[in-house]
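The primary structure of each chain is shown beneath.
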Amino acid sequence: MECIKCSKPAKGVCRFCGRALCEDHMNHMPFILTIYVGENHTPKAIVVADALYCGICRPQPEPIEMPELY
Ligand SMILES: [Zn+2]
Ligand SMILES: [Zn+2]
């Protein structure tokens, strides 16, 4: 696998979109692992800090409302 940005050997892949990344082009961003509904019917997110991120794709910064889950 080669880095999507510079074609050097990739060291990992973006957690959000799967693009390959070398050490130089790795970014980090919190990754929302799962969302659940808490006691007060408030959606809560379990987040992994510093997940690999390519800097190209656009993950939603906030959990998306999913009213059909209620
Ligand atoms: Zn690179
Ligand atoms: Zn990405």
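Here is what the cut-offs are and how they apply
Residues numbered from 1 in each chain as written. Chains lettered and ligands numbered in written order. Predicted model: local features only at pLDDT ≥ 70, side-chain atom pairs only at ≥ 80, totals over all residues. Helix = DSSP H or I, 4+ residues; strand = E, 2+ residues; numbered from the N terminus. Core = buried A, V, L, I, M, F, W, Y, C linked by C-beta atoms within 7 Å. Buried ≥ 20, exposed ≤ 12 C-beta atoms within 10 Å, placed from the backbone. Contact = placed C-beta atoms within 7 Å.

Student: What is the right way to read the environment of E23 from this model?
Tutor: For E23, the position within the fold is in the loop between β2 (20-21) and β3 (27-37). Here the alpha-carbon distance between E23 and K8, two residues 15 residues apart in the chain, equals 9.1 Å.

Student: Just to check I follow, could you spell out the nonpolar core for this structure?
Tutor: Nonpolar side chains in soluble globular proteins tend to end up buried together. Grouped together as the largest cluster of nonpolar side chains are five residues: C3, C14, L21, Y53 and C54. Setting aside its immediate chain neighbours within four residues, C54 contacts I4, C14, C17, R19, L21 and N27.

Student: What is the right way to look at unusual backbone geometry in this model?
Tutor: Most of the time, phi is negative for any residue but glycine, and the peptide bond is trans. Residue S7 is not a glycine yet carries a positive backbone phi of 65°. Within the fold, S7 resides in the segment before β1 (12-13). The backbone of D50 sits at a positive phi, close to 60°, despite the residue not being glycine. The residue D50 is located in strand β4 (residues 43-53) in this model.

The analysis is restricted to geometry; functional conclusions fall outside its scope.
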